[in-house]
Amino acid sequence: MKKLISGTLLLVLCTVGFAKNNLIYDWRGMDRSGVYDETGLLKAWPEEGPVLVWSIDSGLGTGYSSPVITDKNIFIAGMQDSTGHMYCYTLDGQLVWDVAYGKEWNKNSFPGARSTPVVKDDKLYMLSGQGKAFCMDTQKGEILWSLNIGERFNAEPPNFGFCESPLLVDDVVIFTPGGKTTALVALKQKNGSVVWEAPGRNDVSAYCNAVYFEHNKRKVVATMTLHYLIGVDYETGDSLWTAYSYKNWTDNCISPYYKNGALFISSPYGEGARMFNLNDDASEISLKWYNQAFDNQIGGTVELDGNVYGISNKKHTWMSVNLETGTTNWQERGLKTGSIIAADDMLYCYGDDGVLALVEPSAEAFNTISKFKVFDGQQQFTHPVIADGKLYVRYQDQMKVFNLKK
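Being a predicted model, the structure only gives us computed values, none of them experimental.

Asks: What am I meant to see in the sheet that holds strand S32 (residues 346-351) here?
Replies: What holds strands together in a sheet is hydrogen bonding between their backbones, with the strands either parallel or antiparallel. Reading across the sheet, the five strands line up as S3-S31-S32-S33-S34 and stay open at both edges, with mixed pairing between neighbours. The open sheet has two free edges, formed respectively by strand S3 (35-36) and strand S34 (367-373), since each of these has just one partner strand. Pairing between S3 and strand S31 (residues 338-343): two bridges, direction parallel. Across the sheet, residue Tyr-36 finds its bridge partner in S31, namely Ala-343.

Asks: Before we go on, may I ask you to explain the sheet that holds strand S27 (residues 302-304) in this structure?
Replies: The sheet built from four strands is open, its strands ordered S27-S28-S29-S30 with antiparallel pairing. Edge strands, defined here as strands with exactly one partner in the open sheet, are S27 and strand S30 (328-332). In this sheet, adjacent strand axes meet at a mean angle of 25° when their direction is disregarded. Taken together, the three bridges between S27 and strand S28 (residues 307-312) define a ladder with antiparallel strand orientation. Following the sheet pairing, Val-302 is matched in S28 by Tyr-309.

Asks: Would you mind going over the pattern of salt bridges with me for this structure?
Replies: Between side chains of opposite charge, a pair can form when the charged atoms approach closely. This structure, assessed with the given rule, holds nine salt bridges. A salt bridge links Asp-26 to Arg-32; the shortest N-O distance between them is 3.0 Å. Exposure remark for Asp-26: the relative accessible area of 5% places this residue in the buried category. With relative accessibility at 6%, the residue Arg-32 sits in the buried group. Close ionic contact of Arg-218 with Asp-233 constitutes a salt bridge, the shortest N to O distance being 2.8 Å. Within this pair, whereas Arg-218 is found in strand S20 (residues 218-224), its partner Asp-233 is found in strand S21 (residues 229-233), the two being separated by 15 residues in sequence. Here Arg-218 falls in the partly exposed class, since its relative accessible area comes to 22%. Taken together, the shared-partner salt bridges connect Arg-218, Asp-233 and Asp-281 into one network.

Asks: What am I meant to see in the confidence of the model for the chain here?
Replies: Low-confidence regions, as indicated by low pLDDT, have predicted coordinates that should not be scrutinised in detail. Put simply, the chain has an average pLDDT of 92, and 94% of its residues get 70 or more. Segment residues 1-21 is flagged for pLDDT under 50; beyond a separation of four residues in sequence, or across chains, it makes 96 contacts in the model.

Asks: Can you help me understand the packing of aromatic side chains in this one?
Replies: By convention here, two paired aromatic rings are described through the distance between centres and the angle between planes. Under the counting rule described, the total for this entry stands at 18 aromatic pairs. Note on Tyr-212 and Tyr-234: the rings are 5.3 Å apart at their centroids and 75° apart in plane angle, and the pair reads as edge-to-face. Of this pair, Tyr-212 sits in strand S19 (residues 211-215) while Tyr-234 sits in the loop between S21 and strand S22 (239-243); the two residues are 22 residues apart in sequence, bridging distant segments of the chain. In this structure an aromatic cluster arises from ring pairing among Tyr-64, Phe-110, Phe-160, Tyr-207 and Phe-381. We note Lys-400 situated over the ring of Phe-375; from NZ or CZ to the ring centre the distance is 4.8 Å.

Scoring rules and cut-offs
Residues numbered from 1 in each chain as written. Predicted model: local features only at pLDDT ≥ 70, side-chain atom pairs only at ≥ 80, totals over all residues. Heavy atoms only, no water. Pairing = 2+ DSSP bridges. Helix = DSSP H or I, 4+ residues; strand = E, 2+ residues; numbered from the N terminus. Axes fitted to C-alpha atoms, helices over the stretch in contact; angles between N-to-C directions. Salt bridge = Lys/Arg side-chain N within 4 Å of Asp/Glu carboxyl O. Buried < 20%, exposed > 50% of the residue type's maximum accessible area, 1.4 Å probe, protein only. pLDDT = per-residue confidence, 0-100. Contact = heavy atoms within 4.5 Å. Phe/Tyr/Trp six-rings, centres within 6.5 Å; stacked < 30°, edge-to-face > 60°. Lys NZ or Arg CZ within 6 Å of the ring centre and 35° of its normal.

Listed below in structure tokens is the structure:
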């Protein structure tokens, strides 16, 4: 049931970020960095938290998918029984349509919809935990095409099912099947036909959202599979490099982050963080620094003013390192570890116990300005989203929307 807290309002947000027509409403902001282009936000909150605008108290189903919000609608995925559903809401939280898209992941202790959809123009792209990649019409929820990437490209799902937000570049959509034959695949957005396949490493997909960047004249797609950092040529899918043999046993979720000719990555379970330099044509990479303590798992990282913020999975602390040198700035407890995003020069740290903290970014200390409890419960893994001055937080079949504007 939807609970309206204050009258009619326009919501805009994206599991990704806020955008105008013809742009891509993507995962963790327009460039997948977790930093949202917002200004005029509160620099401190009341003890009870920012003003709650409206909420959905039930009905979203089981899942960890963040919402995607365009200039017209909100889209979010959930699982009812064992079937995945895509929901479309108006900007004030009224249900427009509810379309079943097929069987979702229900095989272990983390069942439910896990991927966040991506929207471009009037099309939505999504990957189910069972490996079904599909394109939907956003007006009515009609499925325009679908393809099971596990079956088509001979790839087994990872332990907790396939989970990634499709990467949209130009007129293609890119997925990570993993497996023996196909590490990455580019499909035409229009009809799902194959454009190219990047060679497999006999590895599995590991819940990482691929990124696109341009280095000098080279267009690159980079991602993490369970044991490797891989980079391919965006134009052809040809392999550029494969780096390091990671010893992870379940996941490698943190997206690579490109800045100033170098690529930052982080892996959990004591594997730590690394920075790689790219040569002039991006055909080779070389290790710049290594910090074993900065072993992020599923909550993302953000970079502000040359410092990267995230967690130490092994030590259960929040942490910051210098992006240029890899030197640890600080490690601190006080808030349960979880996910992190940023906006208007502030950090939003969401513990997996439902406590959200507003933190001043600093290379000196973990400076918590305000915090409040959003939801009761544990394993709150869904990343919050900020758009148009609103904060969106989902926990399983519920979602709350808060006003962050001054």
